[in-house]
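Below, each chain spelled out in residue letters.
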Amino acid sequence: MKGFFKIPKAVNEPVKSYATGSPERKEVLEQYNQLFHSVIDIPLYIGADEVRTGNTRKVTPPHDHKHVVATYHLADETIVTKAIETALEARKKWSKLPWQERASIFLKAAELIAGSYRAKINAATMIAQSKTIHQAEIDSVCELIDFLRFNVQYMADIYNQQPESSAGIWNYVSYRPLEGFVYAVTPFNFTAISGNLPASAAMMGNVVVWKPSDKQVYSAKVIVDVFKEAGLPDGVINVVYGNAKMITDTILNRPEFAGIHFTGSTSVFQDIWREIGNKIHTYNTYPRIVGETGGKDFIIAHPSAHAQQVATAITRGGFEYQGQKCSAASRVYLPKSKSDEIISLVKKDIASFKMGAPSNFENFITAVIHEASFDKLASYIDRAKASDQAQVVAGGKYDKSKGYFIEPTLIVTTNPQYETMTTELFGPVVTIYVYEDDKWTETLDLVNNTSEYALTGAVFSQDRYALSQAIEKLEDAAGNFYINDKPTGAVVGQQPFGGARASGTNDKAGSAQNLLRWVSPRLIKETFVPAENYRYPFLDKE
């Protein structure tokens, strides 16, 4: 098939409301109940094979941790090695497949998620990751669809980027897949990220070994089902679960390792980077290292800010999905003149929250992901209660008897370097520091210098001069910077996402910049009539 192909224009998937009486509400609740009262078996996916080792773990909902909804099988080193070799074999055909045929597979996957798989992937995310229906919808459906659609558009844009030619010469660039395989490591908190990290590399002609978080295996299976139905060839994306260190070590020992696409903890990413450096002489090519890690994200309000707007940004930015977003607001700087009003409004919001299972659509808050997270958050809350530098002004209770429930907690501190202002907690805990109104400039410096991270941040102000100053002073403090808005909720195609400093390589998921990391350009120059004499005119005698 020959031609210059124009792809369908990418548009953001509309978010459904799930309002009372809506058909989508009825459908997702039916799907939730069906899945919740079933126990499925989740294999490893190696090429065309579904591999079951018999060495299994259970999947339990965080909001009902004694209830089992699935078991999944763990890989050993032999299986990881087979996944690598299967991927490399698949590369022989996949890397040569015309780009429009690769595009078609992922565009079909987007349509399947928008249609017949919508309720299932939402329900799976609600069950195993304890997301409300709204958080599941914007993540596992809309954002994942957007990644697939916009990445196809970006792929076409990249291929269209060609150099100039001159008389008698034709220059063009071939965007080759990487020479080897890509390792995708994905987190528990976003189903969309888990789908995008392997898919974006595969879309550009690469083959992938994918290790989802063990707390996201359940919805990852739905992604696998979608890709298979969409026609993704066997072996292009191979899925393994198990001991993270063993899997990573096995992969990093291979000379064909060509890149890692990672979202997870900063310390793990740094360890992987160091290990790649230590083994750099063993690889066939310099591996691409792409990662998005942690955040200690901020909101700073100027004295001119509207109190209600700041309070809503804190409530939504800090507590949606229990604060388990790398972009979640967790440190807040309020001017003294507005602090009492803003804190009072946030406390009012917290008092109105209902907390429980996501199957009850009245609940704004559900459970944190697992017991280790629960115990960590509880310890920080307890220390804040006992500290002479901090006061818990809202929330602060917790209970793990049925699910891992942490009340949304608001702390006010007199120390801008207090531990909950500086440490990434990844939970529903927001800490506020109150500054003197005339210390705006100094507080901007404080915001910039407090954290090792630089992922997201927000400034609220009605004073344009103050906003301009904040934009300049906080230039390095956030890869995604929001003016008069909460620091969460980046939309593919509108706000490419990623941060710097300890927050990652800032390769901007949901943009062409990210896809460029998964190709190795080759410039081809063709001269139509080659020279036949080495001599240049300057060599001639006078």
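Since this is a predicted model, take the numbers as computed values, not measurements.

*Asks:* Explain the nonpolar core to me, please; I cannot follow it from the model alone.
*Replies:* Across soluble globular proteins, nonpolar side chains show a tendency to be buried alongside one another. By size, the foremost hydrophobic cluster in this structure holds 112 residues, and its most contacted members are Phe 106, Tyr 218, Phe 227 and Ile 251. If one sorts the elements of this core by residue count, helix α5 (residues 133-160) sits on top with 15 residues. Sequence-distant contacts of Ile 251, defined by excluding residues within four places in its chain, comprise Val 80, Ile 84, Phe 181, Tyr 183, Val 209 and Phe 257. In this structure, Ala 305, Ala 311, Phe 319 and Phe 460 belong to the second largest nonpolar core, which totals 27 residues.

*Asks:* What is the right way to read the sheet that holds strand β5 (residues 70-73) from this model?
*Replies:* Within a sheet, neighbouring strands are paired by backbone hydrogen bonds and run either parallel or antiparallel to one another. Read across the sheet, three strands follow the order β1-β5-β4 without closing on themselves; strand pairing throughout is mixed. Pairing within the sheet leaves two strands with one partner each, and these edge strands are β1 (40-42) and β4 (56-59). For this sheet, the mean inter-axis angle between neighbouring strands, taken without regard to orientation, is 25 degrees. Sheet topology places β1 next to β5; three bridges connect them, and they run parallel. If you follow Ile 40 over to β5, its bridge partner there is Ala 70. Packed onto the sheet, helix α7 (residues 217-230) meets β1, β4 and β5 and runs at close to 75 degrees relative to β1.

*Asks:* Would you mind going over the packing of helix α6 (residues 191-203) against α7 with me for this structure?
*Replies:* In a pair of packed helices, the angle between the axes and the distance between the axes together describe the arrangement. Contact geometry for α6 and α7: axes closest at 10 Å, N-to-C directions at 45 degrees. Between α6 and α7, the angle falls in the class oblique. Between α6 and α7 lies a crossing of right-handed hand. Listed contacts from α7 to Thr 191, Ser 194, Gly 195 and Ala 199 of α6 are Ser 219, Ile 223 and Phe 227. The class makeup of the residues in the contact of α6 with α7 is three nonpolar, four polar and no charged.

*Asks:* Just to check I follow, could you spell out the environment of Pro 335 for this structure?
*Replies:* Summarising the element assignment, Pro 335 is placed in strand β13 (residues 329-335). When the C-alpha positions of Pro 335 and Tyr 435 are compared, they lie 5.1 Å apart, and in sequence the two are 100 residues distant. Leaving out residues up to four positions away in the same chain, Pro 335 has contacts with Ala 301, His 302, Pro 303, Val 434, Tyr 435 and Asp 437.

*Asks:* Any chance you could explain the UniProt feature "domain: Aldehyde dehydrogenase" (unreviewed entry) in the protein here in plain terms?
*Replies:* With numbering aligned to this structure, UniProt lists the feature "domain: Aldehyde dehydrogenase" (unreviewed entry) at residues 55-513. For residues 55-513, the end-to-end C-alpha separation is 40 Å, with 43% helix and 19% strand making up the annotated structure.

*Asks:* Teacher, can you tell me more about α5 here?
*Replies:* An α-helical turn contains 3.6 residues, so a residue and the one three or four places further along point in the same direction. In this model, α5 (28 residues) spans 39 Å end to end at C-alpha, consistent with the 40 Å of a helix rising 1.5 Å per residue. If you look at α5, its biggest bend is around 30 degrees, right at Cys 142. Judged by how many residues are buried, α5 sits mostly within the fold: 24 of 28 residues are covered.

*Asks:* I tried to follow unusual backbone geometry on my own but got confused; where do I start?
*Replies:* Note: most peptide bonds trans; most residues except glycine with negative phi. A positive phi is found at Tyr 18, a non-glycine position, where the angle reads about 55 degrees. With respect to the helices and strands, the residue Tyr 18 is situated in the segment before α1 (23-36). Residue classification places Tyr 18 among the buried positions, given a relative accessible area of 4%. One non-glycine residue, Tyr 321, lies in positive phi territory at about 50 degrees. Turning to its location among the elements, Tyr 321 is positioned in the loop between α10 (307-319) and β13.

Thresholds, definitions, all that
Residues numbered from 1 in each chain as written. Predicted model: local features only at pLDDT ≥ 70, side-chain atom pairs only at ≥ 80, totals over all residues. Heavy atoms only, no water. Core = buried A, V, L, I, M, F, W, Y, C linked by side-chain atoms within 4.5 Å. Buried < 20%, exposed > 50% of the residue type's maximum accessible area, 1.4 Å probe, protein only. Helix = DSSP H or I, 4+ residues; strand = E, 2+ residues; numbered from the N terminus. Contact = heavy atoms within 4.5 Å. Pairing = 2+ DSSP bridges. Axes fitted to C-alpha atoms, helices over the stretch in contact; angles between N-to-C directions. Parallel < 35°, antiparallel > 145°, perpendicular 65-115°, else oblique. Left-handed = near helix turned anticlockwise from the far one by under 90°. Nonpolar A, V, L, I, M, F, W, Y, C, P; charged D, E, K, R; others polar. UniProt positions renumbered as here; feature names shortened; annotations may be inferred. Expected span 1.5 Å × (residues − 1). Bend = angle between axes of the 7 residues up to and from the residue.

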